[in-house]
Amino acid sequence: MSHVGVGPRAVMRSVAFLTAGVLAVPALAGCTSEESAGKPLAAQDVGAASRASVSDGGTLRWAVDSVPDTLNTFQSDADATTTRVAQAVLPSMYRMDENGSPVRNPDYLESAEVVDTEPKQVVVYKLNQQAVWSDGREIGAADFAAQWRALSGRDSAYWTARNAGYDRIEKIERGANDLEVKVTFSRPYADWKALFSPLYPKDVMGTPDAFNDGARRSLKVTAGPFTVKKVDTKADQVVLTGNPRWWGAPAKLDKIVLRAVPRDERVSELVAGKLDLAEIDPETADEVTLAAAPRDPATGTPLMGPQGSPAAGAQGRSAAEALRSWAVANGSDEEAAEEEILAREERREAEAKAARRQKALSGFEVRKSLEPAYTQLALNGSGGPLADERVRRAVARALDREKLAETVLKPLGLPAEPVGSHLALSGQPAYADGSGALGEQNAKEARALLADAGWVRGGPVKKDGEKAAGAEKDEKGEDKEKKKSESDDDGTYIVGEDNKNADSKNAGSKNADSKNPDDKSDDGADRESGEKHSSGKNTAQGGAPGAYAPKGTAAPAGSVAAPLAKDGKALTLRFVLPSGPGSETLRTVADRITDMLKDIGIGTEITKVPDESYFKDHIAAGEYDLALYSWPASAFPATDARPIYAKPVPAADGSLNVAQNYTRVGTDQVDQLFDRAMTTLDQKEARDLLRKADSRIWAAAGSIPLYQRPQLTVARKNLANAGAFGFETPVYEDMGFLEKGAQGSRPSAPSTSSPSSSSSS
């Protein structure tokens, strides 16, 4: 578990504070288990085929982001490739189904059940009698016990990254026979199915030295359909080969090669015929889709482009342009003719190259689903304006999450539903839309929250380098765009003359009223009625033109250009983003969020930082106000989500132990609900508790879920049972290449828009 030291303790305000204030908060009773969890928004897309239609043999060349530094998933430097290797070569008592729920893995486990709850919870595992390690030894209680001791947290010599659940085990012993493992818990543990998946052999878990160093670059003993042949750091690849002692359905492939290929190089490797499967970005997906599209028999050009758009002609040249080129090349102007002939030759070479590229890509197809992870807007509540819950709630109420989801998912042909829970995704048992605890998007109420927190439009702003909305900085802090302060030196404005001179500075600005007919003022008041907003300040119009107002007086409706200010400072938030080539989508979403915040008077200062320092030096260190990053979904949210949303606690050195709660926002009530959900063995009660916890996380407004991440993969058309897996754990032994003439199945096209919204991004 990471312990991140931060500065002063975040200022927390309870939900009761807002309920007792001017703006009532929706009831936080939370959703109950009577509410359906729905179904996954998108099915997996893997070119599903029966084993009978998959040929035996072959090598799958699969692009990954990195060669892992360790093959031990319980170490801090484990990554996604570590997990992929573990899934293929190690036992898991449970695997995930298409709904993101744990299901028993019959290759290893005949049954597992809670046999006692009093005086202690006892679980008995009955193992598959054929299950053996690759050295021939039976999988048994000794392996379970070694993993428990290593991960219990009782011996600091083991360099573990997590011990959740294992710290609740009191003892492990042999059951009625060698195939039974009896686990007794010291405290009740609802998520016991999360344990021993994966299960490492006692050779790895038995001693601190073996745990710390014995499984970093090799796994000598395995028990899956594949085994680790080699971790080749020079060739940047991990080679998996079939396990001759595997007792289940035999692996169809001879070999799986996991190659580390940067994302911006994957399309070139596909064209060169060096890859069979790779996760890709939307631009590459468009190119592959276009290459695989039906073609005009006469010209060979695609009939339709991605998303059904008409395809451009060769190099985008029309018939008229081609005729003009011919005329110039054969005209009397020899110099112009020579230039055009050279240009025509260059175009022919480019067209030939493009044709070869398209032909190479025509053997692939894009397989897409939604990843079991969601992207959120994180609001750092440890200090500054966002330490005030009212400001965080205002930011959240300004966001049109449906439009943000559409921005990312609709162009990809994926369902554009905003995520409604921090703790589960649609289709998982714990899922319910808890966003009602925060309220729907409403710019007028967002402005009222800001006014109630003391941020007023047109207040005096000191000239101390404050930046306007959308201003950008690089990591060195250098401005990319200079903007003038829009407040006077003496902090006054002239009533009635705010819009008298529509100079170039204000000509392009728009009142939010023009975008939302329900929002009738910019400061929380109804412009027609002139009523007071929640802060009690009178916003009625009608002052004498030319009369001076004292410093700090709220600007009247219509003064859109003036910034919100408090105590001489403009309300400007630092928005930190990664600058790498794979983060274009995040930056596009950030631009949309910036515009939405600008409409309620909040400025943003965008800072782009290198990808390698984004999380460690900014998110984990708390050096941001706003940030975009993702969390994976879990089948065990009581265990896995608690450290993400737990209330930070003081450390011995005076800093905060934030665990994984990088927003530094948490409450005692949320912690208590997690603790209760973790200890009850009643699944219905656990779902109710988790849904209540989610409602309170929404109300605290430290994290705003936006959309489920798209999962785009490109695969050879004849590759079966591999691609965009969605929730489901891959079945490695079923992957392979189709027999000649066989075809895999594809899911039906998902809805491309939210059923609750027909607006486009």
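Here's a quick rundown of the structure. Just so you know, these numbers come straight off a predicted model, no measurement behind them. (Residues numbered from 1 in each chain as written. Predicted model: local features only at pLDDT ≥ 70, side-chain atom pairs only at ≥ 80, totals over all residues. Heavy atoms only, no water.)

1. Brief notes about the overall build of the chain
In step 1: Counting its regular elements, the chain contains 19 helices and 24 strands.
In step 2: When burial is assessed residue by residue, the chain has 48% of its 761 residues classed as buried.
In step 3: By sequence separation, contacts in the chain at least 24 residues apart represent 73% of the contacts at least 6 residues apart.
In step 4: Here the chain displays about 34,400 Å² of accessible surface, and carbon together with sulfur accounts for 48% of that area. (Helix = DSSP H or I, 4+ residues; strand = E, 2+ residues; numbered from the N terminus. Buried < 20%, exposed > 50% of the residue type's maximum accessible area, 1.4 Å probe, protein only. Contact = heavy atoms within 4.5 Å. Areas by Shrake-Rupley, 256 points an atom, 1.4 Å probe, with all protein chains shown as cover.)

2. A few points about helix 11 (residues 401-409)
In step 1: Most of helix 11 is tucked away: seven of the nine residues are buried.
In step 2: When helix 11 is considered as a whole, its buried residues turn out to be R401, L404, A405, E406, T407, V408 and L409.
In step 3: Where helix 11 is buried, its residues contact strand 12 (364-379), helix 14 (584-599), helix 19 (683-700) and strand 22 (703-716).

3. Description of the sheet that holds strand 13 (residues 456-457)
In step 1: One open sheet accounts for three strands, arranged 13-15-16; its pairing is antiparallel. Single-partner strands in this sheet number two, and they are strand 13 and strand 16 (569-570).
In step 2: Pairing between strand 15 (residues 564-566) and strand 16: two bridges, direction antiparallel. Of the residues in strand 16, the one forming a bridge with A565 is A570. (Pairing = 2+ DSSP bridges.)

4. Some thoughts on helix 9 (residues 334-361)
In step 1: Compared with the 40 Å implied by 1.5 Å per residue over 28 residues, the 40 Å span of helix 9 between its first and last C-alpha is a close match.
In step 2: Turning to helix 9, its buried residues are A337, E340, R347 and L361.
In step 3: The inward-facing, buried residues of helix 9 abut helix 6 (266-271), helix 7 (282-291), helix 8 (319-329) and strand 12.
In step 4: Two or three places before E335, at the start of helix 9, stands the capping residue D333, its side-chain oxygen 3.2 Å from that residue's backbone nitrogen. (Expected span 1.5 Å × (residues − 1). Polar contact = N/O pair within 3.5 Å; in protein donor to acceptor, adjacent residues only side chain to side chain.)

5. Thoughts on the sheet that holds strand 4 (residues 109-116)
Across a sheet, paired strands are connected by hydrogen bonds in the backbone, their directions being either parallel or antiparallel.
In step 1: Across the sheet, four strands lie side by side as 4-5-7-6; this open sheet has antiparallel pairing. The outermost strands of the open sheet, each flanked by one partner alone, are strand 4 and strand 6 (169-174). On average, each strand axis in the sheet is inclined to that of its neighbour by 20 degrees, with strand direction left out of account.
In step 2: Pairing of strand 5 (residues 122-127) with strand 7 (residues 180-185) involves five bridges; the strand directions are antiparallel. Paired with V124 across the bridge in strand 7 is K182.
In step 3: Packed on one face of the sheet, helix 3 (residues 141-151) meets strand 5, strand 6 and strand 7 and runs near 160 degrees to strand 6. (Axes fitted to C-alpha atoms, helices over the stretch in contact; angles between N-to-C directions.)

6. Some details on the nonpolar core
In step 1: One finds M93, Y125, F196 and L240 to be the most contacted residues of the largest nonpolar core, which totals 102 residues.
In step 2: The element that contributes the greatest number of residues to this core is helix 3, accounting for seven residues.
In step 3: Leaving out residues up to four positions away in the same chain, F196 has contacts with P91, S92, M93, Y125, F144, Q147, Y166, I169, I172 and V183.
In step 4: Membership of the second largest hydrophobic core comes to 62 residues, among which are V267, A285, V366 and A394. (Core = buried A, V, L, I, M, F, W, Y, C linked by side-chain atoms within 4.5 Å.)

7. So, the pairing of strand 9 (residues 237-242)
In step 1: Of all six residues in strand 9, five are buried, a share of seventy percent or more.
In step 2: Sheet analysis places strand 8 (residues 226-232) next to strand 9, joined by six bridges and oriented antiparallel. Within the sheet, the bridge partner assigned to V228 lies in strand 9 and is L240.
In step 3: Connecting strand 8 to the next strand, strand 9, in antiparallel fashion are four residues, including D236 with a positive phi near 55 degrees.
In step 4: Relative to strand 10 (residues 255-260), strand 9 runs antiparallel, the two sharing five bridges. Counted as the bridge partner of Q237 is R259 from strand 10.

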